[in-house]
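As a plain string of letters, each chain reads:
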Amino acid sequence: MTGTRGYHHGDLRRALLAAAVQVIEESGPAALSLRDLARRAGVSHAAPAHHFGDKAGLLTALAAEGFELLAEALRGADDLLGSGVAYVDFAVGHRAHFEVMFRPDLYRGDAEELVAARQRAGDALRAGVAGLPEERPTAADPQGDALAAWSIVHGFATLWLAGALPERVGDDPRAAARAVIRRLFPKP
């Protein structure tokens, strides 16, 4: 394709994922269509199908990318509190990814790239739990602690994004998340 609408930057897959993020941020995942993404990227309507097959394929790639980004964010944390804050920060900063990642009805959950990325994100979260004091009452069940930690931060992030938290939590998601997480998983 040539001209002002022409596609020349060399990474159509990346451009389509970026356009998908924009659409999801604007209107949610239900509004996403491959034809609209092609129009936004300035390519033929068949181009997205060439890279992703269908909408589920594109959302699978977006979810996998999201889990990779989440794993990176969590690996940068010093402890479980930091992991929780990083999780909330990720959700706020990558809302479109977050909206897709935890909606397995939208993508192919058994896709190899997705399974691997989800595992890396889970491993990073469990690493934060491993840093909890050994003398805690739940030490015999680190998987339960990981589930509790994930539930707390995911729930908080979801409530934050929905605007459902009371005004008293303030307007800084990181500070608000830190205060909530610290109540249940205090820093040693």
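Residues numbered from 1 in each chain as written. Predicted model: local features only at pLDDT ≥ 70, side-chain atom pairs only at ≥ 80, totals over all residues. Heavy atoms only, no water.

J.: Looking at this structure, how should I read the overall build of the chain?
T.: When its secondary structure is counted, the chain shows nine helices and zero strands. In the chain, the succession of α and β elements from N to C terminus is α-α-α-α-α-α-α-α-α. Taken over the C-alpha atoms alone, the chain extends approximately 65 × 40 × 25 Å along its principal axes. Counting the 188 residues in the chain, one finds 43% classified as buried. (Helix = DSSP H or I, 4+ residues; strand = E, 2+ residues; numbered from the N terminus. Buried < 20%, exposed > 50% of the residue type's maximum accessible area, 1.4 Å probe, protein only.)

J.: Whenever I open this one, the side chain of histidine 154 confuses me. Can you help?
T.: Note on placement: histidine 154 falls in helix H8 (residues 142-162). Among residues more than four places away in sequence, those in contact with histidine 154 are Tyr87, Phe98 and Phe102. (Contact = heavy atoms within 4.5 Å.)

J.: Would you mind going over the packing of aromatic side chains with me for this structure?
T.: Within a pair of aromatic rings, the relevant descriptors are the distance that separates the centres and the angle that separates the planes. Overall, the coordinates contain five aromatic pairs when judged by the stated rule. Centre to centre, the rings of phenylalanine 102 and tryptophan 150 are 6.0 Å apart; their planes meet at 45°, and the pair counts as tilted. Taken together, the positions of phenylalanine 102 in the loop between helix H6 (95-101) and helix H7 (112-130) and tryptophan 150 in helix H8 put the pair 48 residues apart, joining distant regions of the chain. With a relative accessible area of 25%, phenylalanine 102 lands in the partly exposed category. Three or more aromatic residues joined by ring pairs make a cluster, and in this case those are Phe67, Tyr87, Phe98, Phe102 and Trp150. (Phe/Tyr/Trp six-rings, centres within 6.5 Å; stacked < 30°, edge-to-face > 60°.)

J.: Just to check I follow, could you spell out the environment of valine 169 for this structure?
T.: Looking at the element boundaries, valine 169 is found in the loop between H8 and helix H9 (173-184). With residues near it in sequence (within four places) discarded, valine 169 still touches Trp160 and Ala176.

J.: Please clarify how the pattern of salt bridges should be interpreted in this entry.
T.: Proximity of charged atoms lets side chains of opposite charge pair with each other. If you walk through the whole model with that rule in mind, you get twelve salt bridges. Between arginine 40 and glutamate 26 there is a salt bridge, and its shortest N-O distance comes to 3.0 Å. A residue pair is termed long-range when its members are at least 10 positions apart, and arginine 40 in helix H2 (residues 34-41) and glutamate 26 in helix H1 (residues 12-27) qualify at 14 residues. The class of arginine 40 is partly exposed, set by a relative accessible area of 31%. Classification of glutamate 26 as partly exposed rests on a relative accessible area of 49%. (Salt bridge = Lys/Arg side-chain N within 4 Å of Asp/Glu carboxyl O.)

J.: Help me out: how do you make sense of H2 in this one?
T.: Residues of H2 that are buried: Leu34, Asp36, Leu37, Ala38 and Ala41. If you follow the buried residues of H2, they end up packed against H1, helix H3 (47-52) and helix H4 (55-75). Phi turns positive one or two residues past the end of H2, at glycine 42, with a value near 75°.

J.: Where do I start with the nonpolar core in this structure?
T.: General note: in soluble globular proteins, nonpolar side chains tend to be found buried as a group. Counting residues in each nonpolar core, the largest one holds 53 residues, and the members touching the most others are Leu37, Leu58, Leu59 and Tyr107. Top contributing element to this core by residue count: H4, with ten residues. In this view, leucine 59 contacts Ile24, Leu32, Val100, Leu106 and Tyr107; residues no more than four positions away in its chain are not counted. (Core = buried A, V, L, I, M, F, W, Y, C linked by side-chain atoms within 4.5 Å.)

J.: Would you explain the packing of H1 against H4 in this entry?
T.: Any two packed helices are characterised by how steeply their axes cross, that is the angle between the axes, and by the distance between the axes. Following both chains from N to C, one finds H1 and H4 inclined at 85°, their axes separated by 10 Å at the closest point. For the element pair H1 / H4, the angle class is roughly perpendicular. Seen from H1, the contacting residues are Arg13, Arg14, Leu16, Leu17, Ala20, Val21 and Ile24; seen from H4, they are Leu58, Leu59, Ala61, Leu62 and Glu65. Considered class by class, the residues forming the contact of H1 with H4 number nine nonpolar, no polar and three charged. (Axes fitted to C-alpha atoms, helices over the stretch in contact; angles between N-to-C directions. Parallel < 35°, antiparallel > 145°, perpendicular 65-115°, else oblique. Nonpolar A, V, L, I, M, F, W, Y, C, P; charged D, E, K, R; others polar.)

J.: I tried to follow the packing of helix H5 (residues 80-93) against H9 on my own but got confused; where do I start?
T.: Two elements in contact, H5 and H9, have axes whose closest approach is 9 Å; the angle formed by their N-to-C orientations is 140°. Viewed along their axes, H5 and H9 adopt a mutual orientation that is oblique. Crossing of H5 over H9 shows right-handed handedness. From H5, Leu81, Gly84, Val85, Val88, Asp89 and Val92 reach across to H9, where they touch Pro173, Arg174, Ala177, Arg178, Ile181 and Arg182. Along the lines of polarity and charge, the residues of the contact of H5 with H9 split into seven nonpolar, one polar and four charged. (Left-handed = near helix turned anticlockwise from the far one by under 90°.)

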